[in-house]
Each structure stands twice: as structure tokens, then as C-alpha cells.
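The lines below spell out each chain.
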Amino acid sequence: AAFPLFFVPVIGLRLEAQFGWSRLDTSSLTSIAFIGGALGTVIVGWLNDKWSTKLPVIVSMAAIGGMLLLAAVAPSSITAWQIGIFFFMLLGAGTLSAPFIKIVCEHFRTMRGLALGLTIGSISFASAIALPAISRIIDRAGTEQFFVGAGIVYLVVVAPLLLMLLPESRREGARARPRR
């Protein structure tokens, strides 16, 4: 559901050419995105346990939409993009695997491993299909238009759909006892 991290190099190469960044500058975006996502996932995991999975997912989805719209008007400074990608992943971490793994584990008592495999494995399958398509869209429309279009899709389509479709998770509380 998240804006896939594997798009960063595809978009980064176009931004590198557009803004005259070095290859090191461009590759730094992926590393910084990993750091933001790692920190954000810990926070989201805590929120998932304290309240629910639904709220962090929806807030993160809206944050991704907003950040994509901001990216369309971002300056050419690599520092601005590094800060932006950090917050993009920090705020968007609610759309990474942790909440969806929790949902699957709560709703599948039997064949949980298969359900998890299908859920997580679908990311690789989707990337094989989406990556060339996204690359063509960016080549035709340009990075700014891609960011605007993707931001609108996240805000107008994806976030509302998830709001309707995501089940409420059980509230365990930050100090819940493990099940026996």
C-alpha cells in the first residue's frame, strides 16, 4: 500500500539528470529513506499496539499524498530532497509491512504463514509490474506531473478506500500481556 521505496532510484535518476546531482547525492536518498522508515516503523508499531492499525495507516497514507504534492514544487537542492525523503518515510511508515502483518496475524488463525507470504510477496510481484509502468509514466508526463498525480491518487482514492476497507484491530495497549 505504501509508496514503494523501489521507486526512489527510478525517480532519483530523473531528478539527478534534471537537477545535475551527483550519483552519490542521488543514492543518498535511498539510504536516508531507509533511516526515516526504520525510525517511523518503531513509532508505528507502538501506535499499532496502543490504539489500532487503522489510524496510523490512514494518517501515513495522507502524509504520503501530501509529501508527493510537495515534491512537485520542491527546490533542486539535494539537501531539501534528503530532508524530504526522510520525513516522507518517517511519516509514511504506517503504510509499511508492520501494520499489515499485524492485521493478517489477527485475522488468520490457520494458514497464517501462507497469508503472510501472500501479503508480503505481493510487493515483489507488484513491483515487477509497476516499476516499468511508473517509469513510462514519468518519461511521458515528467516528474512534477507524476508527483502531483500520485499525490492526488493517494489522497482521493487510496486513503479513503483504506478507511472503508481496513478492519479495526484489537487494542492491546502498550503494556498488554502476551497471549498464552
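The text that follows walks through the structure, step by step, so that each part is easy to find.

The rules behind these values
Along each chain, the written sequence defines residue order, and numbers are assigned to residues from 1. Owing to the predicted nature of the model, reporting of local features is limited to residues with pLDDT of at least 70; listing and counting of side-chain atom pairs is limited to 80 or more, with chain, interface and lining totals taken over all residues. Just so you know, side-chain values use all the structure's heavy atoms and leave hydrogens and water out. The patches described consist of residues with a relative accessible area above 30% and no salt bridge, like charges being joined within 9 Å and nonpolar side chains (Val, Leu, Ile, Met, Phe, Trp, Tyr) within 5 Å. Only the protein chains shown count as cover for residues, with accessible areas throughout obtained via the Shrake-Rupley method and a probe of 1.4 Å. Salt bridge criterion: a side-chain nitrogen from Lys or Arg within 4 Å of a carboxyl oxygen from Asp or Glu. Put simply, DSSP marks the helices as runs of H or I at least four residues long and the strands as runs of E at least two long, and each gets a number from the N terminus on. Only protein chains enter the accessibility calculation, which uses a 1.4 Å probe. A residue is then buried if its area is under 20% of the maximum for its type, exposed if over 50%, and partly exposed in between. A helix is expected to reach a length of 1.5 Å times the quantity of its residues less one. Contacts are assigned to residue pairs that have any heavy atoms within 4.5 Å of one another. The term nonpolar core refers to a set of buried residues drawn from Ala, Val, Leu, Ile, Met, Phe, Trp, Tyr and Cys, joined through side-chain atoms within 4.5 Å.

1. Let's talk about a nonpolar patch on the surface
- Taken together, Leu69, Ile152, Val153, Leu155, Val156, Val157, Leu161, Met164 and Leu165 make up a surface patch of nonpolar side chains, about 800 Å² in accessible area.
- Counting residues per element, the nonpolar patch draws most heavily on helix 7 (residues 143-165), at eight residues.
- Look at Leu161 and you get partly exposed, because its relative accessible area is 38%.

2. A short note on the pattern of salt bridges
- Taken as a whole, this structure holds four salt bridges when the rule is applied.
- The shortest N-O distance in the salt bridge between Lys102 and Glu106 comes to 3.9 Å. Note that Lys102 and Glu106 are positioned in helix 5 (residues 97-107) at a spacing of four residues, about one turn of the helix. With respect to burial, Lys102 and Glu106 carry one shared label: buried.
- Sharing partners across several salt bridges, the network here consists of Asp49, Lys102 and Glu106.

3. Quick look at helix 3 (residues 54-71)
- Across its 18 residues, helix 3 extends 26 Å between first and last C-alpha, which sits within 8% of the 26 Å expected from 1.5 Å per residue.
- Residues of helix 3 that are buried include every one of Lys54, Pro56, Val57, Ile58, Ser60, Met61, Ala63, Ile64, Gly65, Met67, Leu68 and Ala71, and no others.
- Of the surrounding elements, those touching the buried residues of helix 3 are helix 2 (23-50), helix 4 (78-92), helix 5 and helix 7.

4. Focus on the nonpolar core
- The biggest cluster of nonpolar side chains holds 33 residues, and the ones touching the most others in it are Ile11, Leu29, Leu68, Trp81, Phe88, Phe146 and Phe147.
- Looking at this core, the elements that each hand over two or more residues are helix 1 (7-19), helix 2, helix 3, helix 4, helix 5, helix 6 (112-141) and helix 7.
- By residue number, the principal contributor to this core is helix 3, which donates seven residues.
- Contact partners of Phe147, with chain neighbours within four places excluded, come to Ile11, Leu68, Leu69, Ala71, Ala72 and Trp81.

5. Details of the environment of Val153
- Looking at where Val153 falls in the secondary structure, it is placed in helix 7.
- We classify Val153 as partly exposed; its relative accessible area is 41%.
- Each C-alpha atom, one on Val153 and one on Thr53, is 21 Å from the other, the two residues being 100 residues apart in sequence.

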